[in-house]
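Residue strings, one per chain:
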Amino acid sequence: MRYSFLNDYSEGAHPSILNALVESNMVQQTPYGGDVFSVDAKQRIRNHLGESFSGSVHFVASGTLANLVSISSVLKPYEAVITVQSGHIVSHEAGAIEATGHKLITVPGVEGKLTPENLREAIAKNSFFPHMAKPGLIYISNVTEMGTVYTHAELSALSAIAKEHGLLLFMDGARMGMALASNKNDMTLADIAELCDVFWIGGTKVGALLGEAIVVSNPELVEGFDICIKQKGGLLAKGRVLGVQFQTLFNDELLYVEIARHANAMAAQLAEGIKAAGYDLQDEPDANQVFAILPNTLIETLKQSFEFFVWQPVDDAKSLVRLVTSWATEESQVIRFVGQLKG
């Protein structure tokens, strides 16, 4: 069986989460997120959001649902979303946002990030009202789809422009754990809560069996948000399943970040091995995604033992590949992959 570097959710769940689910399994609880596990998990998350936080926390089952519910709930029917061309909502969610009636305004990213310059240009080019969809929300990801991490200064700059133009700032946090655990990170969850109107903390890609935690930081957006989740099919009768997992991830030791550090460390080791074998990286990894430039012949050989994503061709002889590590990545498999490169 081939070992997968295809994504960070090929494994089931962290053993601590599975144990918590088993231990709580026979305890009867209130449905639809009113269970004691969900209540406690939300409070544990709030403890990291700063003393001034006056928003709300909601659990949903998937990342696409977190994006769809969040964006469609806070925008007016005629408002649009500004996002980089590589944004997850652009190419990996089957037009879910457009299906809710909201146009996506795409702009070039720089290493996967939205820059103040590109943001201002997008706002200026989409201001011919009432003949154009009006920008209402800025979408970014942290970690980005290109594996990079936003700094506090970068996020602050985007937040300032958003406020200047009356736009909402929304962060997709599918790999938030890896961002917080990154050596390039200089932000806390409290910083993100202060700068973003809405964001979500990913569980699916950070050790959970499933589940994401949406954080509505802007108190003006709280009213009715839970009803929107219900309307979109996101309110689970057995919401306890999500609560137990985030209660475990946000335990006293902050397991959420601890296990993300392993994913980042394995990516760093993989990147060093690739360079030592004589091959180039697109960039040094900020988190748990490694983008390497490899000969096509070597890629075909590696595919016999490993799964990974061939991102795009570089020239007739080489391609850019993406390798993703997870909380469960085995160091022995990283060593084996590098060994085949050298072989």
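Cut-off values and rules
Residues numbered from 1 in each chain as written. Predicted model: local features only at pLDDT ≥ 70, side-chain atom pairs only at ≥ 80, totals over all residues. Heavy atoms only, no water. UniProt positions renumbered as here; feature names shortened; annotations may be inferred. Salt bridge = Lys/Arg side-chain N within 4 Å of Asp/Glu carboxyl O. Helix = DSSP H or I, 4+ residues; strand = E, 2+ residues; numbered from the N terminus. Buried < 20%, exposed > 50% of the residue type's maximum accessible area, 1.4 Å probe, protein only. Pairing = 2+ DSSP bridges. Contact = heavy atoms within 4.5 Å. Phe/Tyr/Trp six-rings, centres within 6.5 Å; stacked < 30°, edge-to-face > 60°. Lys NZ or Arg CZ within 6 Å of the ring centre and 35° of its normal. Core = buried A, V, L, I, M, F, W, Y, C linked by side-chain atoms within 4.5 Å.

Named according to an unreviewed UniProt entry, the protein is Aminotransferase class I/II-fold pyridoxal phosphate-dependent enzyme originating from Marinomonas ostreistagni. Taken from UniProt, the Sequence similarities (unreviewed entry) comment for the protein reads in full: "Belongs to the threonine aldolase family." Listed in UniProt under the heading Cofactor (unreviewed entry), the comment for the protein reads: "pyridoxal 5'-phosphate".

## A closer look at the pattern of salt bridges
Applying the stated criterion across every chain yields a total of twelve salt bridges. The partner of D8 in a salt bridge is R175, with the nearest N and O atoms 2.6 Å apart. Of this pair, D8 sits in the loop between β1 (3-4) and α1 (15-23) while R175 sits in the loop between β6 (168-172) and α8 (176-181), and the two are 167 residues apart along the sequence. Just as D8 is buried, R175 falls in that class too. Residues K275 and E272 are paired through a salt bridge, measuring 3.0 Å at the closest nitrogen-oxygen approach. Note that K275 and E272 are positioned in helix α12 (residues 255-276) at a spacing of three residues, about one turn of the helix.

## Examining the pairing of strand β3 (residues 79-84)
Counting buried positions over the six residues of β3 gives six, a clear majority of the element. Here β3 shows a buried face lined by E79, V81 and T83 and a second buried face lined by A80, I82 and V84. Two strands pair when backbone bridges link them, and β3 and strand β5 (residues 134-141) are joined in this way by four bridges, in the parallel orientation. By the bridge assignment, E79 is partnered in β5 with K134.

## Overview of the environment of A122
Within the fold, A122 resides in helix α6 (residues 116-125). What makes A122 buried here is its relative accessible area of 4%. For the pair A122 and S52, spaced 70 residues apart in sequence, the C-alpha to C-alpha distance is 32 Å. Once residues within four sequence positions are removed from consideration, A122 is found in contact with I82, I105 and V107.

## Digging into unusual backbone geometry
In this chain, F129 is followed by P130 through a cis amide linkage whose omega measures 10 degrees. Assignment of secondary structure puts P130 in the loop between α6 and β5. You will see that A94, though not glycine, has its phi angle at about 55 degrees, which is positive. Along the polypeptide, A94 turns up in the loop between α4 (88-91) and α5 (96-99). Even without glycine at this site, L254 takes up a positive phi of about 50 degrees. Relative to the helices and strands, L254 is located in the loop between α11 (240-249) and α12.

## Things to note about the packing of aromatic side chains
Each pair of aromatic rings is reported with the distance of its centres and the angle of its planes. Scanning the entire structure with this criterion turns up ten aromatic pairs. The interplanar angle of 15 degrees and the centroid separation of 5.1 Å between the aromatic rings of F59 and F246 together place this pair among those described as stacked. Note that F59 is positioned in strand β2 (residues 56-60) and F246 in helix α11, a separation of 187 residues in sequence. The burial state of F59 is the same as that of F246; both residues are buried. Where F306 meets F337, the ring centres are 5.0 Å apart and the plane angle is 70 degrees; that geometry is what we call edge-to-face. Of this pair, F306 sits in strand β11 (residues 306-307) while F337 sits in helix α14 (residues 331-342), and the two are 31 residues apart along the sequence. The burial state of F306 is the same as that of F337; both residues are buried. By the ring-pair criterion, three or more aromatic residues cluster together here, those being Y3, F5, F306, F308 and F337. Across from the ring centre of F129, 5.9 Å away, lies the NZ or CZ of K134, which sits over that ring.

## Points about the nonpolar core
If you look at the biggest cluster of nonpolar residues, it comprises 62 residues, and the most contacted ones within it are I45, F199 and I201. A total of six residues in this core trace back to one element, the largest contributor, which is α12. Beyond its immediate stretch of four places on either side in the chain, I201 contacts I45, G173, M176, L189, E212, A213, V215, F246, F250 and Y256. In this structure, L65, L75, F170 and V198 belong to the second largest nonpolar core, which totals 25 residues.

## Focus: the environment of H14
Tracing the chain through its elements places H14 in the loop between β1 and α1. Judged by relative accessible area, H14 falls into the buried class, the value being 14%. For the pair H14 and T115, spaced 101 residues apart in the sequence, the C-alpha separation amounts to 35 Å. Look past the residues within four positions of H14 in its chain and what remains in contact with it is G207, L255, I259 and W327.

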